[in-house]
Amino acid sequence: MITARAAATFEPVGRSVATARAFVRDTLQGWGLGDIVDDAVVLTSELVTNAVVHAGTAAEVVCLRDGEGVRIEVVDRYPERELPLQDPAHILGSPDREGGRGLLLCAALASHWGVDYTAADKRVWFSLDLPERPVGTRAAGPALPDDALPVADTRVLVAVVQIDRGGAIAAWNDDAQQLFGYPSDQVIGKPLNDFAAWPHTPGTSTGIAEALQLSRWEGSYGLRDADGRTIPVYASHLRVRDSDGEPSTVCLLVRDHERAVLQSPLRTPAPDSASRQETGETHGDPFEIFIGSPAPDDLDGLLQRTVERARDMLDGDSAYLLLATDDETELEVRASTGLPSARQRFARVPVEAGTGRYGSARMPSVHEDLTVVPGAVPLLAGTGMRSVVTVPLKVEGRLTGSLGVATESPGRYTNEEALRLQFAADRIALAVERARLTELERLRRGSLSFLVEASDLLAGTLDRDQTLALMAQMTVPTLAAWCAVYTVAEPGSDPKLSYVLHEDEDRIDHLKALLSKVDPPDPVPTPGARVWSAPSDAAHSAALRSSLRSVVLGEEEHFSPGSTRATATAVGGETVVLPLVARNRVIGMLTLGKPAEERFRQEILELAEDLSRRAALALDNARLYSERTAISQSLQRSLLPPELPEVSGGVEVEVIYRAAGEGNEVGGDFYDLFDISEDTYGFAIGDVCGTGPEAAAVTGLARHALRLLAREGLGGPAVLDRLNTAILDEGARSRFLTLLYGELRPQPDGSAELKVVCAGHPLPLRLRQDGSVEPAADPQPLLGVMDDLELYEQTVVLDPGDVLLCVTDGVTERREGTRMLGDDGLAEVLTSCTGLTAGAVAARIMRAVERFASAAPSDDMAILAMRVPE
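The rules behind each value
- Residues numbered from 1 in each chain as written.
- Predicted model: local features only at pLDDT ≥ 70, side-chain atom pairs only at ≥ 80, totals over all residues.
- Heavy atoms only, no water.
- Helix = DSSP H or I, 4+ residues; strand = E, 2+ residues; numbered from the N terminus.
- Buried < 20%, exposed > 50% of the residue type's maximum accessible area, 1.4 Å probe, protein only.
- Contact = heavy atoms within 4.5 Å.
- Core = buried A, V, L, I, M, F, W, Y, C linked by side-chain atoms within 4.5 Å.
- Pairing = 2+ DSSP bridges.
- Axes fitted to C-alpha atoms, helices over the stretch in contact; angles between N-to-C directions.
- Polar contact = N/O pair within 3.5 Å; in protein donor to acceptor, adjacent residues only side chain to side chain.
- Phe/Tyr/Trp six-rings, centres within 6.5 Å; stacked < 30°, edge-to-face > 60°.
- Lys NZ or Arg CZ within 6 Å of the ring centre and 35° of its normal.
- Patch = residues over 30% accessible without salt bridge, like charges linked within 9 Å, V, L, I, M, F, W, Y side chains within 5 Å.
- Areas by Shrake-Rupley, 256 points an atom, 1.4 Å probe, with all protein chains shown as cover.
- Salt bridge = Lys/Arg side-chain N within 4 Å of Asp/Glu carboxyl O.
- Lys, Arg positive; Asp, Glu negative; His and termini not counted.
- Charge placed at Lys NZ, Arg CZ, Asp CG, Glu CD.
- Left-handed = near helix turned anticlockwise from the far one by under 90°.
- Parallel < 35°, antiparallel > 145°, perpendicular 65-115°, else oblique.
- Nonpolar A, V, L, I, M, F, W, Y, C, P; charged D, E, K, R; others polar.

Explain the overall build of the protein here, please?
Along its length, the protein carries 21 helices and 34 strands. The buried share among the 870 residues of the protein stands at 47%. The long-range fraction of contacts in the protein, counting pairs at least 24 apart against all pairs at least 6 apart in sequence, stands at 61%.

Just checking my understanding: could you explain the nonpolar core for this structure?
A general tendency of soluble globular proteins is for nonpolar side chains to be buried together. Counting residues in each nonpolar core, the largest one holds 34 residues, and the members touching the most others are Leu28, Val61 and Ile72. Per-element tally for this core: the top contributor is helix α2 (residues 37–54), with nine residues. Beyond its immediate stretch of four places on either side in the chain, Leu28 contacts Leu33, Ile36, Val37, Ala40, Val70 and Ile72. Judged by nonpolar contacts, the second largest core, of 32 residues, contains Met474, Ala480, Leu605 and Ala615.

Would you take a moment to explain the sheet that holds strand β26 (residues 737–746) for this structure?
Strand pairing in a sheet takes place through backbone hydrogen bonds and is either antiparallel or parallel in direction. Strand order across the open sheet formed by five strands is β24-β25-β26-β27-β30, with antiparallel pairing between neighbours. Of all strands in the sheet, those bounded by a partner on one side alone are β24 (669–677) and β30 (794–798). Across the sheet, the axes of successive neighbouring strands diverge by a mean angle of 20°, strand direction being ignored. Sheet topology note: the β26/strand β27 (residues 752–759) ladder contains eight bridges and is antiparallel. Looking across to β27, one finds that Gly742 is bridged to Val756.

Explain the pairing of strand β3 (residues 69–76) to me, please; I cannot follow it from the model alone.
For a regular strand, the rule is simple: side chains alternate between the two faces of the sheet. The buried count for β3 comes to seven of eight residues, which makes it a mostly enclosed element. The sheet contact formed by strand β2 (residues 59–65) and β3 spans seven bridges and is antiparallel. In the sheet register, Ala59 faces β3, and the bridge partner there is Asp76. Counting the residues that bridge the hairpin from β2 to β3 gives three residues. Pairing between β3 and strand β5 (residues 122–129): eight bridges, direction antiparallel. Within β5, the position partnered with Val74 by the bridge is Val124.

What should I look at first to understand the side chain of Arg867 in this one?
Its place among the elements puts Arg867 in strand β34 (residues 861–867). On the accessibility criterion, Arg867 (7% relative accessible area) is buried. Separated by 3.1 Å, the side chain of Arg867 and the backbone oxygen of Leu836 make a polar contact.

Whenever I open this one, the sheet that holds strand β29 (residues 773–775) confuses me. Can you help?
Read from one edge of the open sheet, five strands run β23-β34-β31-β28-β29, paired in antiparallel fashion. Strands at the two margins of the open sheet, each flanked by one partner only, are β23 (652–658) and β29. Shown here is a sheet whose adjacent strand axes are inclined to one another by a mean of 20°, direction ignored. Inspection of the sheet shows strand β31 (residues 803–807) paired to β34 by five bridges, in the antiparallel sense. Paired with Val807 across the bridge in β34 is Ile863. Across the sheet, helix α20 (residues 822–831) touches β28 (765–767), β29 and β31, and the angle it forms with β28 is around 20°.

Please clarify how the packing of aromatic side chains should be interpreted in this entry.
The way to describe two aromatic rings as a pair is by their centre distance and the angle between their planes. Evaluation of the coordinates by the stated rule reveals six aromatic pairs. Above the plane of the ring of Trp125 lies Arg71, whose end atom (NZ or CZ) is 4.1 Å from the centre. Positioned over the ring face of Phe852 is Arg819, at 4.5 Å from the centre of the ring.

Hey, could you run me through the pairing of strand β13 (residues 330–337) in this one?
With respect to burial, β13 is a largely interior element, seven of its eight residues being buried. With six bridges joining them, strand β12 (residues 318–324) and β13 adopt antiparallel strand pairing. Bridge assignment links Leu321 to a residue of β13, and that residue is Ala335.

Just checking my understanding: could you explain a negative patch on the surface for this structure?
Taken together, Glu503, Asp504, Glu505, Asp506, Asp509 and Glu598 make up a surface patch of like negative charges. Topologically, Glu598 is positioned in the loop between β22 (585–593) and α16 (602–638). The class for Glu598 is partly exposed, based on a relative accessible area of 36%.

Would you mind going over the packing of α2 against helix α11 (residues 415–459) with me for this structure?
Any two packed helices are characterised by how steeply their axes cross, that is the angle between the axes, and by the distance between the axes. Close contact between α2 and α11 brings their axes to 9 Å; oriented N to C, the two are set at 35°. For the crossing formed where α2 meets α11, the hand is left-handed. Counting all contacts with α2, which are made through Asp38, Asp39, Val41, Val42 and Ser45, the residues of α11 involved are Arg442, Arg445, Gly446, Leu448, Ser449, Val452 and Glu453.

Would you mind going over the packing of helix α1 (residues 15–30) against α11 with me for this structure?
Close contact between α1 and α11 brings their axes to 10 Å; oriented N to C, the two are set at 150°. Relative to α11, α1 is oriented roughly antiparallel. Crossing of α1 against α11: the hand is left-handed. Contact residues: Val17, Ala18, Arg21 and Arg25 in α1; Ser449, Val452, Glu453 and Asp456 in α11. Here the contact of α1 with α11 is built from residues that sort into three nonpolar, one polar and four charged.

The structure is reproduced here in structure tokens:
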């Protein structure tokens, strides 16, 4: 039965894929189905890509929830585009190819999937089942005679006390009032700590504030009643959240002698449990006996429960658990109690740290006094711990971790405690490894979802600066607290700091100033992350110098001592550098950093390495595109005249040129105005068929040939005839060319004589002072088609106040739907330009062309306007 439904429709554009992913993620998280979010996002991404990118149709995404899991449907409106169904005669294909991966992923990740067709649409669906959670009895004891049952009062009082986020009492039931003598109005709103007698040694064990923050806690302490007496209680704490997400802690309390009501099964094996194990005589689940029931279903919770149980079992002050890497060369701190966990979490140490038997993580070891062998357990340095016992966690003979318990008193532990701890470690090793592999699989699926989105974003831009920004924004704060990107312009050149980002925007300027004073990391192409200590060392040194100047000398720097120390804290953790390698060349480095005392998880470094490879290729593509655009623009500028000459007689000349296409790619339109002889000027405006380098070659040939031939004294028809021959000589590289060429001679009476040849080009228009507009030349054959051209020259006299307008076909062929500006539309606009200067005429024509259609121009446009002054 469907219990919840959500749907959304996405347009057939590339950005819809990312929007669909966000919709599915938000929907499932809102339903509390976080366990399957990553798989659902990956499958939705592939199926929506098929619909909106490959099929080119809008896609509807429908999320349906039932009692067993969730079903997601992707519907498109192009049912005739069938999806291939897999059968023995048809293989879906390689997962490395561009298409078809959606079905492969469905087959690999989904519980069920399929394709449904109707007359109106096609529906690709998949189902994901919720992970099974254990139900039923988790712990049970044997049947006992009545006289062997625990003793309790006639009526057992169970106090239920609820503590809010701040540690204050929010609820107090009647049994609590009867047990401790306080009515609810006297305790609600007051901190629990005001009433509790908590056995706690500061800095070495869990205090009441820490216990209330744990997901589950169980143990003994005291509560002072209304008469001031301390009542020993046994408590079970459970941290919960309400429907609005507000956390609180529910505390169940009974008198200490009635602890059997709440107490979990015994946490330690009986003294002869090892011998019973050898003989096969066991009672109950040894894992649950040690870890407690119910066991946490997540790795972090399981590890935290493990170290707490181990500490309590050996009556220690602290405990810690490290997990081994896949190659068993390093151990990573994953849980601790009684230690500064923020400083130690994810710290890595070699497996064979130290020397001798006690330095090995592969066998049990006991240190009676760490002061005798300083440095034997680096993890405990500076913590005050003296006696420590460590045992390995092994699965099928392979080292998977190490469990240790320590105390502040020397000589507390012997081989007997090592055997007890080893027995417990053997019971939990397999469960820990299963939980670790489950978490690793979840992280990998989350990494896949992250890389899918990252690749989508990086592929969406060819702008270098935007690519640099995306690289940093994808890593902060998901992978690191701060990020810096260095770029290497040429092989052998020094790296340049190109982009800096910190999760706290107030720290960005300070971080950038710090990194600018530090020598950049070496651009080494070796794959993988390498540690770089220079930023943290520089930050701590700057903080120390700033403090000394402030305290001793009373000087103040640009950055205050407080901000300098804050920067040192913000960047003082582990810093790693990943090379950005593309096309066998280091083009930069991606630098990731953590705050003080924090380290990177190995899984995060592996994900960052995958991201760096994709980012490097995207950055290099952006670099190549930028270089290509710069070359194109430089070539375009070289094909246009650098400046227009001053025409004698006061004749006004104005040119407007607009190249279409992103980056102003080299187009086929060109113009020119040049001196031929004294008081004689050549002008031309033309359009080469096509774009790109071949069209540019003809453009350059035409412009330079016109100048050369005209200055040799040839007339207009002869100039164009020889240019036609030169174009045809280009063979396969030749292009059609429309060209308006003319010669301008200002006359003593204030008029101007023009001799014009219009070879296949839009006709020039003459605007008279009375507002009339007429063509100023006859059409003749275009160039680059026939060998023998019979071209002739026409003479036009511009009287004072007359305007000659010459344009390319990008102006006259401007379209909006089925409408086109055309020659008539251009003439109508020109009619309204009477009395305007040449510059004003050109500007009005361009403004009219741009307003004619809402879309950007799809063709190059050139406008040449000449006006004889009155």
